[in-house]
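Descriptive analysis of the structure
So the chains spell out like this:
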Amino acid sequence: QEAAKYEKKVMVLDFVTPTPRGNSWGLGGTCVNVGCIPKKLMHQAALLGQALQDSRKFGWQFTEEVKHNWMTMTESIQNYIGSLNWGYRVALRDTKVTYENAYGEFVGPHTIKTTNKRGIEKLYTAERFLIATGERPRYLGIPGDKEYCISSDDLFSLPYCPGKTLVVGASYVALECAGFLAGLGLDVTVMVRSILLRGFDQDMANKIGEYMEEHGVNFIREFVPIKVEQIEEGTPGILKVTAKSTTGNQIIEGEYNTVLLAIGRDPCTRKIGLDKVGVNINEKTGKIPVNDEEQTNVPYIYAVGDILQDKLELTPVAIQAGRLLVRRLYAGATTKCDYVNVPTTVFTPLEYGACGYSEETAVEKFGEENIEVYHNHFWPLEWTVPSRDNNKCYAKIICNIQDNERVIGFHVLGPNAGEVTQGFAAAIKCGMTKEQLDSTVGIHPVCAEV
Amino acid sequence: GKNEYDLLVIGGGSGGLACAKEAAQFGRKVAVLDYVEPSPQGTTWGLGGTCVNVGCIPKKLMHQAALLGSALKDAQHYGWKISQPVHHTWSVMAQAVQNYVKSLNWGHRVQLQDKKVKYFNMKGSFSDPHTVRGLTKAGKETIVTADNIVIATGGRPKYPTNIAGALEYGITSDDLFWLKESPGKTLTPFVFNVSLECAGFLTGIGLDTTVMMRSIPLRGFDQAQMASLVTEHMESYGTKFLKRCFPTKVEKLKSNRLQVTWKNTDLNTEETDSFDTVMWAVGRAPDTKSLNLEAVGVKTNAETGKIVVDASEATSVPHIYAVGDITEGRPELTPTAIAAGKLLAQRLFGQSSELMDYDNVPTTVFTPLEYGCVGLSEEAAVQCHGSDNIEVYHAYYKPLEFTVAERDATQCYMKMVCLREREQRILGLHFIGPNAGEVIQGFALGIKCGATYPQLMKTIGIHPTCAEEVTKLHITKRSGLDATVTGC
């Protein structure tokens, strides 16, 4: 859309290869269809369940029995997503961007072949190409995984309540999904191979796990599934999962209605003909290395988003990178995407917002004696009356002593962590120091003032 | 020295307690006098001051109760099945809130004890610059002397003076939070943030609420849009507004209800209606009457009655200081009082020279749709720099959570006021929407660091949140373009 502003002739190819369960969706990519948007809405549904409980303590009265209807929620969410898909179609049309719902692959220099749902092929040429095909969930490669398990690609439009669920994985996808499923009243177990939230501050990751355990999510640690079998057909049916310990020979079995795999995502770069045009990819991961101007090794081919090597898999980063790239190509701009101090939030039942270094990485980079960590537990005012979770919320900032106690890491665990973290990220961008933080007056009473 | 204490603090509220506790950290001998004169309706409370007892804390909790009412409605769109009818019981909420406040009173008592600060539940008045006479409720007298004295007695709600029946039959925020029974159909005349916030949560818990205003809402806040967006939302939320009206008298009916008569300045008519409760919110007056400031010569502002202080919180009398709502020209906010109190103690006893910075203090009005802001309003920026030298970026947005809940987001709005010249420093940020306080806090820090528009644009957004829209502001008012944000 940015390129079209500069009166360039632009075409977008979008195609969703159906999931092993046959699931597909419209224009907009992962975020809109099977990522951020439906995830946050289901998280909100779970939070509202908690709000219902709290409200009794604040004087609201209604019947004891409160139940959740999966179909009502999913239908509302899918309707909203449908409106977004439609919105994108309209926006592309209005900006005169040609859109084709077809699978694209390179066949030669500057040439791409498209194949639509009905198998009809066309060829197109372009001066420049931008690859932004993103990723899809990875499967385990064990018997029964593709036949019986689902992934996040299927969860958000599942036409029946998932029931008793086993979530395999310890990524933020796994924890966020496990979190809201439990919040909606379902029996949830998370099977973790080793640590939670690899790559995130481990102190915070453990607190998130603890909170979830205290709130009814079961964890099976240091096990991996080796086989999934179907015991009973149905929507949902009953599945039997066999798992092996990672530390010994112990084998366990369990029965679940649904098995949700969230063990990672793989880039969609292997079958788009990159070899035909000579674009290098990392053979092991499938990701595409680019320079700091998002250019691949082939000068007229660029890439943005989740498929990039060593970059963050986040929607706002992809959007920013894409826009700035186009401005550099067509508007004479020079600004490059700033990948440093990108804030993020994990929408687990107890939300976690972060910007900058984790404690481990800060210690590694600067040395333990050169960093100072300030931290605090806090109790959101709204949780006092319903007597919820005293001393679970937590905030910490990591400062670089040698650089005027500049804040290099910000971490907060609590409600509305995303809203809280955003402004702090802006402040960190401005080089905020501990002294400036101390001299800023708090808004009272909010969580962020801590 | 010859004085009994190093520091005597008169007033155990946000500013006073912060100052006392900080001074005690330096190993000083500290005493606190706290006394609550009952309201005309007879309401009184424990240690902690306005914020804890009749301000921020109970206000936010009742606001939360109202928000939970909305959450109950939203929840049904998200698949939760709740059988109707749903209703709210005031006494359950009030008791829960009051119990929590009492636990805070207790907590403060314990903290003072732990830090070895002497606490007197007495009303203080000056005998001389180092001597204060303390009087208990029973009339017992104690004389306290100190090297340094800090006045932090805060303020109390004003009653209108020229309206018959106002004092006898009306209540104020001092009473509202301690009511054992529901206030029922309520009228809140005049409009400061207090009355809007109270009217907001009363509406939210299902009570028939009317706000009466003579002229503009939220005096002192950004008028260009923010104040009217807030009140517009409240109107669509169910709060009734009687605009350009002012009350002339309040009478008690045989049924014990109240008959209020008012003048409608638009139609030039007199109108009347009956209510269960009339809650005045006409501003607050500094609590200096009983201090006997004349005896020691502490100067107050002739118009407001507040104590005049310099940048170091010193009054016109050496060794006598003042912090918090009682001081002239300072924002009436708990965090500024706390910060000022702490810094004062650090300067007096801790070899610090750091003064309190009152610039760019962020704040939030907790109306049903919250309004958070930091820095200059648009009017103030124009007045200060001229409209040619400022650029206002703005956007109407829709919180994701409102979509499925089918909630109206017409008033969800944000604007950033910047200097137009090269650097484009941010002068003010205004945000209306859910969790406004949480959103604004971090940006307030940025503004403290001198944040500029380009720096904010370089900051990547967190998705999906409302706050990320701040980092995407790009439509200017000057351009006249439609500022509605669309999609992802």
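Bear in mind that the values here come from a model prediction, so they are computed numbers and not experimental data.

With that settled, consider the overall build of chain B. Counting its secondary structure elements, chain B contains 13 helices and 23 strands. A globule of 488 residues ought to have a C-alpha radius of gyration of about 23 Å, and chain B, at 24 Å, matches this closely. Referenced to the eigenvectors of the C-alpha coordinate spread, the extents of chain B come out at roughly 70 × 65 × 50 Å. If you take every contact in chain B between residues at least 6 apart in sequence, the share linking residues at least 24 apart comes to 64%. Carbon together with sulfur atoms contributes 49% to the accessible area of chain B, which is approximately 19,400 Å² in total. Of the charged side chains in chain B, 49 are positive and 50 negative; the average position of the first set lies 4 Å away from that of the second.

Bringing the packing of aromatic side chains into the picture now. Following the criterion strictly, the structure yields 12 aromatic pairs over all chains and no others. Centre to centre, the rings of Phe177 of chain B and Phe201 of chain B are 6.2 Å apart; their planes meet at 40°, and the pair counts as tilted. Here Phe201 of chain B lies in helix H7 (residues 193-204) and Phe177 of chain B lies in the loop between helix H6 (173-176) and strand E10 (186-189), a separation of 24 residues in the sequence. With a relative accessible area of 3%, Phe177 of chain B lands in the buried category. Here Tyr396 of chain B and Tyr413 of chain B contribute two aromatic rings whose centre-to-centre distance is 4.5 Å and whose plane-to-plane angle is 50°, an arrangement assigned as tilted. Placement of Tyr396 of chain B in strand E21 (residues 390-396) and of Tyr413 of chain B in strand E22 (residues 413-419) is noted, with a sequence separation of 17 residues between them. Members of the aromatic cluster, joined through ring pairs, are Phe106, Phe129 and Tyr300 of chain A.

Moving on, we get to the interface of chain B and chain A. The accessible area lost on association of the parts is a frequent measure of interface size. With 78 residues of chain B at the interface, the matching set in chain A holds 79 residues. Three residues, Trp80, Glu438 and Ile460 of chain B, lead the burial of chain B against chain A; their summed loss comes to 12% of the area buried on that side. For the pair chain B and chain A, the interface holds two salt bridges. Notably, a salt bridge pairs Glu401 of chain B with Lys40 of chain A, separated by 2.8 Å at the nearest N-O pair. Between chain B and chain A we count 19 residue pairs in polar contact (both at pLDDT 80 or more) in total. Looking at which element gives the most residues to the side of chain B that touches chain A, the answer is helix H3 (residues 56-77) of chain B, with 14 residues. For the side of chain B that touches chain A, a count of residues per class yields 42 nonpolar, 27 polar and nine charged. Note that strand E3 (residues 67-68) of chain A and strand E3 (residues 80-81) of chain B share two bridges and pair antiparallel. Bridging from a neighbouring strand, His68 of chain A pairs with Trp80 of chain B of E3 of chain B.

A separate point is the UniProt feature "domain: Pyridine nucleotide-disulphide oxidoreductase dimerisation" (unreviewed entry) in chain B. Listed under "domain: Pyridine nucleotide-disulphide oxidoreductase dimerisation" (unreviewed entry) in the UniProt record, and renumbered for this structure, are residues 361-472 of chain B. Secondary structure content for residues 361-472 of chain B is 29% helix and 26% strand, and the end C-alpha separation is 23 Å.

Residues and elements named next belong to chain A. Domains assigned within chain A are domain 1 (2-136 + 266-331), domain 2 (138-264) and domain 3 (351-439). Contacts between domain 1 and domain 2 engage 22 residues on the former and 25 residues on the latter. Of the roughly 2,000 Å² buried where domain 1 meets domain 2, counting both sides, 56% is carbon and sulfur surface. When residues of domain 1 are sorted by the area they lose upon contact with domain 2, Arg21, Lys39 and Trp70 head the list and together hold 33% of the total. In this structure, the connection of domain 1 to domain 2 is made through three salt bridges. In this structure, Glu176 and Lys39 form a salt bridge, with 2.7 Å as the shortest nitrogen-oxygen distance. For the interface between domain 1 and domain 2, the tally reads 11 residue pairs in polar contact (both at pLDDT 80 or more).

A few words now on the UniProt feature "domain: FAD/NAD(P)-binding" (unreviewed entry) in chain A. Those places that UniProt annotates as "domain: FAD/NAD(P)-binding" (unreviewed entry) correspond, in this numbering, to residues 2-322 of chain A. Taken end to end, residues 2-322 of chain A comprises 32% helix and 26% strand; its first and last C-alpha atoms sit 8 Å apart.

Another point: the UniProt feature "binding site: NAD(+)" (unreviewed entry) in chain B. All names here are of chain B. As recorded in UniProt, the sites labelled "binding site: NAD(+)" (unreviewed entry) are Gly283. Locating Gly283 in the fold gives a position in the loop between strand E16 (277-278) and strand E17 (284-286). Non-local contacts of Gly283, meaning those with residues more than four positions away in its chain, are made with Arg156, Pro157, Lys158 and Phe192.

On to the environment of Leu355 of chain B, then. Residues and elements named next belong to chain B. Mapped onto the secondary structure, Leu355 falls in the loop between helix H9 (334-349) and strand E19 (363-365). Placed 11 residues apart in sequence, Leu355 and Leu344 show a C-alpha to C-alpha distance of 7.8 Å. In this structure, Leu355 is in contact with Ala311, Ser312, Leu343 and Arg347, ignoring residues within four places of it in sequence.

What follows concerns the nonpolar core. One recurring pattern in soluble globular proteins is that nonpolar side chains are buried together. Core analysis: the largest hydrophobic core is formed by 174 residues, its most contacted members being Phe180 and Met432 of chain A together with Met416 of chain B. Take this core: its biggest share by element is 10 residues, from H3 of chain B. Here Phe180 of chain A is in contact with Lys39, Met42, His43, Ala46, Leu155 and Phe156 of chain A, once residues within four sequence places are set aside. Core analysis: the second largest hydrophobic core is formed by 26 residues, Leu112, Val150, Phe349 and Val361 of chain B among them.

Moving on to the pattern of salt bridges. All names here are of chain A. Tallying each qualifying case throughout the model produces 49 salt bridges over all chains. A salt bridge links Lys113 to Glu121; the nearest nitrogen and oxygen atoms lie 3.7 Å apart. What emerges from the salt-bridge pattern is a single network uniting Asp201, Asp203, Lys207, Glu359 and Lys396.

Before going further, it helps to spend a moment on the packing of helix H12 (residues 417-429) of chain A against helix H12 (residues 436-448) of chain B. How two helices pack is summed up by the angle between their axes together with the distance between the axes. Two numbers describe how H12 of chain A lies on H12 of chain B: the axes approach to 6 Å, and their chain directions differ by 10°. The angle between the axes of H12 of chain A and H12 of chain B places the two elements in the roughly parallel class. Mapping the contact onto sequence places Glu419, Val420, Gln422, Gly423, Phe424, Ala426 and Ala427 of chain A in H12 of chain A and Glu438, Val439, Gln441, Gly442, Phe443, Leu445 and Gly446 of chain B in H12 of chain B. Taken together, the residues of the contact of H12 of chain A with H12 of chain B break down into seven nonpolar, five polar and two charged.

All right, on to the sheet that holds strand E20 (residues 371-375) of chain B then. Each strand in a sheet pairs with another by means of backbone hydrogen bonds, the pair being arranged parallel or else antiparallel. All names here are of chain B. Read from one edge to the other, the open sheet built from five strands follows the order E19-E20-E23-E22-E21, with strand pairing classed as antiparallel. A strand with exactly one partner marks an edge of an open sheet, and here the two such strands are E19 and E21. Neighbour-to-neighbour, the strand axes of the sheet open up by a mean angle of 10°, direction not taken into account. Relative to E20, E19 is paired through three bridges, and the arrangement is antiparallel. Bridging from a neighbouring strand, Thr363 pairs with Cys373 of E20. Each of E21, E22 and strand E23 (426-432) is contacted by helix H10 (residues 378-385), which is oriented at about 165° to E21, the strand it contacts most.

Turning our attention to the UniProt feature "binding site: FAD" (unreviewed entry) in chain A. Residues and elements named next belong to chain A. Per the UniProt record, the feature "binding site: FAD" (unreviewed entry) sits at Lys40, Gly104 and Asp306. Spanning 267 residues, the annotated positions stay apart in the fold, the maximum distance between their C-alpha atoms being 30.5 Å. With respect to the secondary-structure elements, Gly104 resides in strand E5 (residues 102-108). Excluding anything up to four places from it in sequence, Gly104 contacts Leu13, Ile112, Lys113 and Ile272. Mapped onto the elements of the fold, Asp306 is located in the loop between strand E19 (301-303) and helix H10 (315-330). The residues contacting Asp306, other than those within four sequence positions of it, are Gly134, Glu135, Lys287, Glu313 and Leu314.

What counts, and where the lines are drawn
Residues numbered from 1 in each chain as written. Chains lettered and ligands numbered in written order. Predicted model: local features only at pLDDT ≥ 70, side-chain atom pairs only at ≥ 80, totals over all residues. Heavy atoms only, no water. Helix = DSSP H or I, 4+ residues; strand = E, 2+ residues; numbered from the N terminus. Rg over C-alpha atoms; globule rule 2.2 N^0.38 Å. Contact = heavy atoms within 4.5 Å. Areas by Shrake-Rupley, 256 points an atom, 1.4 Å probe, with all protein chains shown as cover. Lys, Arg positive; Asp, Glu negative; His and termini not counted. Charge placed at Lys NZ, Arg CZ, Asp CG, Glu CD. Phe/Tyr/Trp six-rings, centres within 6.5 Å; stacked < 30°, edge-to-face > 60°. Buried < 20%, exposed > 50% of the residue type's maximum accessible area, 1.4 Å probe, protein only. Buried area = accessible area lost by both parts, 1.4 Å probe. Salt bridge = Lys/Arg side-chain N within 4 Å of Asp/Glu carboxyl O. Polar contact = N/O pair within 3.5 Å; in protein donor to acceptor, adjacent residues only side chain to side chain. Nonpolar A, V, L, I, M, F, W, Y, C, P; charged D, E, K, R; others polar. Pairing = 2+ DSSP bridges. UniProt positions renumbered as here; feature names shortened; annotations may be inferred. Domains from an automatic or database assignment. Core = buried A, V, L, I, M, F, W, Y, C linked by side-chain atoms within 4.5 Å. Axes fitted to C-alpha atoms, helices over the stretch in contact; angles between N-to-C directions. Parallel < 35°, antiparallel > 145°, perpendicular 65-115°, else oblique.

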